[in-house]
Amino acid sequence: MAKTSKIVREKKQLRYAVRYRNRCQLCGRPRGFIRYFKLCRLCFRKLAHQGMLPGVTKASW
C-alpha cells in the first residue's frame, strides 16, 4: 500500500506537471506501472489471472 502522504500529494494541484507520478489505481504503487491499464504489474497480473481484464491472455508457444 502506498504511503498516505504521497497519495494526498498527488491529488492536489502541483506547480509543475513533471512532479506528478503515475500510480496504480488499486494499490497506489508507483513502480512497475502499465499506462494502458493504469495498474501496477502486480495488480495487472492478479486481475489477468482472474479474467477481469478483457482481451488479455496468457502467452503460450
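Everything numeric in this text was worked out from a predicted model, so none of it was measured. (Residues numbered from 1 in each chain as written. Predicted model: local features only at pLDDT ≥ 70, side-chain atom pairs only at ≥ 80, totals over all residues. Heavy atoms only, no water.)

(A) Main features of the layout of surface pockets. Counted as a void, the largest pocket has a volume near 150 Å³. Lining the largest pocket are Phe-44, Arg-45, Ala-48, His-49, Val-56, Thr-57 and Lys-58. Partitioning the lining of the largest pocket into residue classes produces 3 nonpolar, 2 polar and 2 charged. (1 Å grid on protein atoms, 1.4 Å probe; cavity = no way out; pocket = protein on both sides within 12 Å on 5 of 7 lines; lining within 4 Å. Points joined across faces, edges and corners; volume = space filled by probe spheres on them. Nonpolar A, V, L, I, M, F, W, Y, C, P; charged D, E, K, R; others polar.)

(B) The packing of aromatic side chains, seen in detail. According to the stated counting rule, one finds 2 aromatic pairs in the structure shown. Ring centres of Tyr-36 and Phe-37 lie 5.0 Å apart, and the angle between their planes is 80 degrees; this geometry places the pair in the edge-to-face category. A relative accessible area of 27% places Phe-37 in the partly exposed class. Ring geometry for Phe-37 against Phe-44: centres 5.0 Å apart, planes inclined by 50 degrees, an arrangement best described as tilted. Members of the aromatic cluster, connected to one another through ring pairs, are Tyr-36, Phe-37 and Phe-44. (Phe/Tyr/Trp six-rings, centres within 6.5 Å; stacked < 30°, edge-to-face > 60°. Buried < 20%, exposed > 50% of the residue type's maximum accessible area, 1.4 Å probe, protein only.)

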